[in-house]
Amino acid sequence: MVPLARELRRNMTREEKHLWYDFLQKHPARFCRQKIIGKYILDFYSASEKLAIEIDGSHHYETDKLAKDSKRTYYLNEYGISVIRFSNKEIWTNFSGVCQWIDIVIRNKTKVINNSPLDRF
């Protein structure tokens, strides 16, 4: 899978490039591109946040692909990894909203961790 992940990193889609170079690359929560987790290659992954970001082209909205994506999300959730998905269209039509949503998810994950009941002891 490593050669495939490298190939995907070298040949990112336009939408992946836009999100990476214009937002995630400089984000305080460090993200990796095309990260292998188990049997899957994630578009973007932050280990510190246990957060996967997937950019979905139109083929992801076909019935069989929706089922595969659901299975993939379930698998990742079992390892404590949250998954957020954006369509290619969202990247181009609402890029600032996509970036804001990523920040909100990260802020809320951090807030939950920082407000753990175990912190009181």
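As a starting point, this report considers the structure included with it. Every chain's residues receive numbers from 1 upward, in the order its sequence appears when written. pLDDT decides what is reported in this predicted model: residues at 70 or higher carry local features, side-chain atom pairs at 80 or more are listed and counted, and totals for whole chains, interfaces and linings draw on all residues regardless. Computation of side-chain values covers all heavy atoms of the structure but excludes hydrogens and water.

**Some remarks on the nonpolar core**
Piece 1. In these notes, a set of buried Ala, Val, Leu, Ile, Met, Phe, Trp, Tyr and Cys residues joined through side-chain atoms within 4.5 Å is what counts as a nonpolar core. The rule is simple: take the accessible area with a 1.4 Å probe, protein chains only, and divide by the maximum for that residue type; under 20% is buried, over 50% is exposed, in between is partly exposed. L19, L24, F31, F44, I53, F86 and I102 are the most contacted members of the largest nonpolar core, which totals 20 residues.
Piece 2. Of all the secondary structure elements, the ones that give two or more residues to this core are helix 2 (14–22), strand 3 (51–56), strand 4 (82–87) and helix 5 (95–114).
Piece 3. Under the scheme used here, helices are H or I runs from DSSP no shorter than 4 residues and strands are E runs no shorter than 2 residues, and both carry numbers assigned from the N terminus. The element contributing the most residues to this core is helix 5, with 6 residues.
Piece 4. Contact criterion: two residues are considered in contact whenever any of their non-hydrogen atoms come within 4.5 Å of each other. Once residues lying within four places of it in the same chain are set aside, the contact partners of L19 are L24, F44, I53, I55, I91, F95, V98 and I102.
Piece 5. Core analysis: the second largest hydrophobic core is formed by 8 residues, I37, A52, L76 and V83 among them.

**Brief notes about the packing of aromatic side chains**
The relative placement of two aromatic rings is captured by the distance of their centres and the angle of their planes.
Piece 1. When the centres of two rings from Phe, Tyr and Trp lie within 6.5 Å, Trp using its six-membered ring, the rings pair. Their planes under 30 degrees apart give stacked, over 60 give edge-to-face, and anything left gives tilted. Taken as a whole and judged by the stated rule, the model has 3 aromatic pairs.
Piece 2. With a centroid separation of 6.0 Å and an interplanar angle of 5°, the aromatic rings of W20 and F44 are classed as stacked. With W20 in helix 2 and F44 in strand 2 (residues 40–46), this residue pair connects regions lying 24 residues apart in the sequence.
Piece 3. With a relative accessible area of 9%, W20 lands in the buried category.
Piece 4. Grouped by ring-pair contacts, the aromatic residues Y40, Y75 and Y79 constitute a single cluster.

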